[in-house]
Structure formats: C-alpha cells, structure tokens
Amino acid sequence: MNNQEFESLKRIFFKNSKEELDNTYKNGLFDYLKSIEELGRYSIIAGYFQYIKKGGSILDIGCGEGLLQNRLGESFSKYIGIDLSKEAIDKAQKQSNDKVEFCVADMNTYSPIEKFDAIVFNEAMYYTSNHLNFLKKYASFLNDGGIFITSNFEVQNNRIHWSEIETVFPKYDETKVVNSKGTTWICKVLMSK
C-alpha cells in the first residue's frame, strides 16, 4: 500500500462510513493484507505477544478478517477481535470457537466486559483524534501488567505524539519493519502502569 492508497482508506474511516468500509472488504481491496509483503508486521505483533504474554488474553482492535488471530496460532487463552466492518467480521467468524470471538464494534465507543493481558492496535490508532486519551480509555481494560501492541504505517506514525504517550505508557520495545516494496511500519510494545 502506498501513501495515496492509505489516505484514501483513512478518509473512509474518518467519515465513519460503514457502507464504504464494507464495500472495501466485499470488493477484495484488503486482500493484499494476506500477502507476504504484510507478513513481517503481523509476525512482529504475534511475536511480541507470544514472547511477553504467551497464554494470555488478547483484544484485537480493528481486526479485519482476523489475520492476526491466524498468526497467533494457539498462543492465547482468549482472543476477541472487533472491527467496524460487518463484512470483515462475517469473514472472520469462520474462525470463531470457544477461545475466539469476533464482533462488529466501533473502537471509539466499544467497552469490553472483561480485561485483557494485551490489547493490539494494528493500523488502528490513526482513526482516533486523541491518541493518548484513546489509550487511557483502553488501559482500563488491561489486566495488571498488561501491554499495548501497536503497528503504524510509518508516514502516519509520525503524526502520533509518541513522546507524550510514552510518558504515560512507557515503551518496552520498538521494531521497524520494511517490506520488499519499501513500505515501513513501526511496531511498539507499551507498558501499562
């Protein structure tokens, strides 16, 4: 995905047009997420979880079709994925079982009924206006010692005020992922206090 394609998708999310987002999934415009070019960032996110919180519970914000859940294998006790797109969740539901749930929800208003060991924001933080307050809200849904795992397209990552965020949620680790097309992501693990 290039920056122009990303900006186009971002407009869909900020307009909060579920219909446009559903059409994007229905027409296969997110199928590239299943390609090898996207494997690196999904593997880093999964690796962070498996290294730091293996066997724990995980909430995946903006889960799409559940690609991260596939990368995680059986390394979790519970996985809940939410996405604004009903079309994406309908596709993800095929993976549901007693440990895996998917639901249609808006990340800006969603309030889970349980706490998690890790909350993942995989290409989701751009779609909220106040990143720090957004993380503070979700921190209340972390178990003691819980972590946030984020992945952000590098160009958009620069618009997130990490220095402010990391004074509240200290950075545990950070990895830069660059694929063969030169697309770059910054993946981070943030600690809750």
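Notes on the structure in this doc start here. If you're wondering where the values come from, they're calculated on a predicted model, not measured in any experiment.

Here is what the cut-offs are and how they apply
Note that residues are indexed from 1 along each chain, following the sequence as it is written. Note on the predicted model: pLDDT of at least 70 is required for a residue's local features to be given, and 80 or more for side-chain atom pairs to be given and counted; whole-chain, interface and lining totals, by contrast, use all residues. With hydrogens and water excluded, all non-hydrogen atoms of the structure serve as input to the side-chain values. When DSSP locates at least two bridges between a pair of strands, those strands are taken to pair. A helix here means a DSSP run of H or I that spans at least four residues, while a strand means a run of E at least two residues long, and both kinds are numbered starting from the N terminus. By convention a crossover is right-handed if, when the strands point away from the viewer, the path from the first strand over the helix to the second runs clockwise. Among buried residues, the Ala, Val, Leu, Ile, Met, Phe, Trp, Tyr and Cys ones that are joined through side-chain atoms within 4.5 Å form a nonpolar core. Whether a residue is buried, partly exposed or exposed follows from its accessible area with a 1.4 Å probe, protein chains only, as a fraction of its type maximum: under 20%, in between, or over 50%, in that order. Contacts were defined at the residue level, with two residues in contact if any of their heavy atoms lie within 4.5 Å. Should a side-chain nitrogen of Lys or Arg be within 4 Å of a carboxyl oxygen of Asp or Glu, the pair is scored as a salt bridge. Angles here are taken between N-to-C directions and fall from 0 to 180 degrees, while the axes themselves are lines fitted to C-alpha atoms, restricted in helices to the stretch in contact. As used here, the arc is the angular range of directions from the helix axis to the C-beta atoms. Under this definition, polar contacts are N or O atom pairs within 3.5 Å; protein pairs additionally need one hydrogen-donor-capable and one acceptor-capable atom, and for neighbouring residues in sequence, both atoms have to be side-chain atoms. Each Phe, Tyr or Trp ring (for Trp, its six-membered ring) is paired with any other whose centre lies within 6.5 Å, and the angle between the two planes then decides the class: stacked below 30 degrees, edge-to-face above 60, tilted in between. Whether a charge lies above a ring is judged from NZ of Lys or CZ of Arg, which has to be within 6 Å of the ring centre and within 35 degrees of the ring normal.

## Remarks on the pairing of strand β3 (residues 100–104)
Working note: regular strand, side chains alternate between the two faces of the sheet.
Moving on, step 1. As paired strands, strand β2 (residues 78–83) and β3 are joined by five bridges and run parallel to one another. Within β3, the position partnered with Y79 by the bridge is V100.
Moving on, step 2. Regarding topology, helix α5 (residues 86–92) serves as the crossover connection from β2 to the parallel β3, and that connection is right-handed.

## Digging into the nonpolar core
Moving on, step 1. Judged by nonpolar contacts, the single largest core of 57 residues is most densely connected at I119, F121 and Y138.
Moving on, step 2. For F121, the residues in contact, after removing those within four places along its chain, are I61, F134, L135, Y138, F148, I149, T150 and S151.

## Side note on the environment of F134
Moving on, step 1. For F134, the position within the fold is in helix α6 (residues 131–139).
Moving on, step 2. For the pair formed by F134 and N108, sequence separation is 26 residues and the distance between their alpha carbons is 7.7 Å.
Moving on, step 3. Every residue in contact with F134, bar those within four places of it in the chain, is listed here: M107, N108, F121 and T128.

## Looking at the pairing of strand β7 (residues 184–191)
Moving on, step 1. A large share of β7 lies buried, amounting to seven of its eight residues.
Moving on, step 2. In terms of strand pairing, strand β5 (residues 142–153) meets β7 through seven bridges, oriented antiparallel. The residue bridging T150 from the neighbouring strand is K188, located in β7.
Moving on, step 3. Sheet analysis places strand β6 (residues 171–178) next to β7, joined by seven bridges and oriented antiparallel. Considered in β7, the bridge of D173 is made with V189.
Moving on, step 4. Counted along the chain from β6 to the antiparallel partner β7, the turn is five residues long, and its residue G182 has a positive phi close to 85°.

## Overview of the pattern of salt bridges
Moving on, step 1. For the structure shown, the criterion picks out 13 salt bridges.
Moving on, step 2. Two residues, K34 and E65, come together in a salt bridge whose shortest N-O distance is 3.2 Å. Of this pair, K34 sits in the loop between α2 (18–26) and α3 (36–52) while E65 sits in the loop between β1 (57–61) and α4 (67–72), placing them 31 residues apart in sequence.
Moving on, step 3. We classify E65 as buried; its relative accessible area is 11%.

## Here's the deal with the sheet that holds β6
Through backbone hydrogen bonds, the strands of a sheet pair up, either in parallel or in antiparallel fashion.
Moving on, step 1. Pairing within the open sheet is mixed, and its seven strands lie in the order β3-β2-β1-β4-β5-β7-β6. Strands at the two margins of the open sheet, each flanked by one partner only, are β3 and β6. Across the sheet, the axes of successive neighbouring strands diverge by a mean angle of 15°, strand direction being ignored.
Moving on, step 2. Across the face of the sheet, α6 comes into contact with β1, β2, β4 (116–122), β5 and β7 while running at roughly 145° to β5.

## Let's talk about α6
Moving on, step 1. Every buried residue belonging to α6 is among H131, L132, F134, L135 and Y138, and all of these are buried. Down the axis, α6 shows its buried residues gathered within 160° of arc, on one side only.
Moving on, step 2. The N-capping residue of α6, defined by a side-chain oxygen 3.3 Å from the backbone nitrogen of L132, is N130.

## Focus: the packing of aromatic side chains
Moving on, step 1. Taken as a whole and assessed by the stated rule, the structure comprises 11 aromatic pairs.
Moving on, step 2. Aromatic pair Y25 and F30: ring centres 4.5 Å apart, planes at 55°, arrangement tilted. Take Y25 and F30: they sit in the same class, and that class is buried.
Moving on, step 3. Geometrically, the ring pair formed by F30 and Y32 is tilted, given 6.4 Å between the ring centres and 50° between the ring planes.
Moving on, step 4. Put simply, the rings of F121, F134, Y138, F141, F148 and F169 touch in pairs and so form one group of aromatic residues.
Moving on, step 5. Above the face of the F76 ring, K99 is positioned so that its terminal group lies 5.1 Å from the ring centre.

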